[in-house]
Amino acid sequence: EPEVTQTPSHQVTQMGQEVILRCVPISNHLYFYWYRQILGQKVEFLVSFYNNEISEKSEIFDDQFSVERPDGSNFTLKIRSTKLEDSAMYFCASRPPGLAGGSYEQYFGPGTRLTVT
Amino acid sequence: LAKTTQPISMDSYEGQEVNITCSHNNIATNDYITWYQQFPSQGPRFIIQGYKTKVTNEVASLFIPADRKSSTLSLPRVSLSDTAVYYCLVGSGGYNKLIFGAGTRLAVHP
């Protein structure tokens, strides 16, 4: 069964450094998402992406964040200058094609644990 | 998404059936009811989705009464590996973001 994959599984970085989190969505999916979950808290939406552009972004997704689909398979989240409060699990998700418009079916990757020191 | 209310936590024992109820009084005509499961340190996993009546798959059943103001996720014969957080989401903006609440933390005991 196809899966969303994410690399690395764990990233440790120093405050102020840039990080790039990588995702490979399921191959025929067209809508892509990033979420994050701070330890012990809710899963929070960051950004959605379709047709090579951002569809929607949350207040969390400020100028320090960017997303890119550099080729036909990868979907990346970049944090330009990490802060301590960016420490969280970051999940990539993708949506199957052909669903009814109202369907909330998304497939999540295993996550990248980002630790900012 | 419509506002949902579900229990914060539930306990069960191996082999029992678990029913988790979600209230969504303000559900709109076009809204779907979707349930996700999340194990510790893993991404949420889509379990089941329905619009009305009953939906069943290999993992769970979803019961939706005629007024659609609530729904019940039923897990038959749970095992220790069903210990997870279960989220109820109600809405119709399918291409858009998912908004997760706190969910129901299910603990299955031996």
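Just above, that's the structure.
Anyway, here's the lowdown on the structure attached to this text.

Calculation rules
- Residues numbered from 1 in each chain as written.
- Chains lettered and ligands numbered in written order.
- Predicted model: local features only at pLDDT ≥ 70, side-chain atom pairs only at ≥ 80, totals over all residues.
- Heavy atoms only, no water.
- Helix = DSSP H or I, 4+ residues; strand = E, 2+ residues; numbered from the N terminus.
- Rg over C-alpha atoms; globule rule 2.2 N^0.38 Å.
- Buried < 20%, exposed > 50% of the residue type's maximum accessible area, 1.4 Å probe, protein only.
- Contact = heavy atoms within 4.5 Å.
- Lys, Arg positive; Asp, Glu negative; His and termini not counted.
- Charge placed at Lys NZ, Arg CZ, Asp CG, Glu CD.
- Pairing = 2+ DSSP bridges.
- Axes fitted to C-alpha atoms, helices over the stretch in contact; angles between N-to-C directions.
- Phe/Tyr/Trp six-rings, centres within 6.5 Å; stacked < 30°, edge-to-face > 60°.

### Section: the overall build of chain A
Along the backbone of chain A there are zero helices and 11 strands. N-terminal to C-terminal, the α/β element order of chain A is β-β-β-β-β-β-β-β-β-β-β. Here the C-alpha radius of gyration of chain A, 14 Å, is about what a compact globule of 117 residues would show, namely 13 Å. Projected onto its principal axes, the C-alpha coordinates of chain A cover approximately 40 × 25 × 25 Å. Relative to its full complement of 117 residues, chain A shows a buried share of 46%. In chain A, 55% of the contacts between residues at least 6 apart in sequence involve partners at least 24 apart. When the 10 positive and 14 negative side-chain charges of chain A are each reduced to one mean point, those points stand 2 Å apart.

### Examining the environment of A:Gly16
Residue and element names in this part refer to chain A. With respect to the helices and strands, the residue Gly 16 is situated in the loop between strand S2 (10-13) and strand S3 (19-24). On the accessibility criterion, Gly 16 (37% relative accessible area) is partly exposed. Through-space distance from the C-alpha of Gly 16 to that of Ile 79 is 9.5 Å; in sequence the pair is 63 residues apart. Apart from the residues within four sequence positions on either side, Gly 16 is in contact with Arg 80, Ser 81 and Thr 82.

### A look at the sheet that holds strand S8 (residues 75-79) of chain A
Residue and element names in this part refer to chain A. A sheet is described by the order of its strands in space; here four strands give the open sequence S1-S3-S8-S7, paired in antiparallel fashion. Edge positions in the sheet fall to strand S1 (5-7) and strand S7 (65-68), since each of these pairs with one other strand and no more. Across the sheet, the axes of successive neighbouring strands diverge by a mean angle of 20°, strand direction being ignored. Relative to S8, S7 is paired through four bridges, and the arrangement is antiparallel. If you follow Ser 66 over to S8, its bridge partner there is Lys 78.

### Topic: the packing of aromatic side chains
Taken as a whole and assessed by the stated rule, the structure comprises 16 aromatic pairs over all chains. The interplanar angle of 40° and the centroid separation of 5.2 Å between the aromatic rings of A:Phe49 and A:Phe75 together place this pair among those described as tilted. Here the residue A:Phe49 occupies a position in strand S5 (residues 43-50), and A:Phe75 occupies one in strand S8, the gap between them amounting to 26 residues. A:Phe75 carries the same exposure label as A:Phe49, and that label is buried. Here A:Tyr107 and B:Phe46 contribute two aromatic rings whose centre-to-centre distance is 6.4 Å and whose plane-to-plane angle is 55°, an arrangement assigned as tilted. Within this pair, whereas A:Tyr107 is found in strand S10 (residues 107-108), its partner B:Phe46 is found in strand S4 (residues 45-50), the two belonging to separate chains. Owing to a relative accessible area of 27%, A:Tyr107 belongs among the partly exposed residues under this scheme. A network of ring pairs unites the aromatic residues A:Tyr33, A:Tyr35, A:Phe45, A:Tyr107, A:Phe108, B:Tyr36, B:Phe46, B:Tyr87 and B:Phe100 as a single cluster.

### Notes on the sheet that holds strand S8 (residues 84-91) of chain B
Paired through backbone hydrogen bonds, the strands of a sheet run either parallel or antiparallel to each other. Residue and element names in this part refer to chain B. Within the open sheet, the five strands sit side by side as S1-S9-S8-S3-S4. Their pairing is mixed. Edge positions in the open sheet fall to strand S1 (9-13) and S4, since each of these has one partner strand only. Strand after strand, the sheet turns through a mean of 25° between neighbouring axes, direction not considered. Here strand S3 (residues 32-38) runs beside S8; their pairing, made up of seven bridges, is antiparallel. Directly across from Trp 35, in S8, lies its bridge partner Cys 88.

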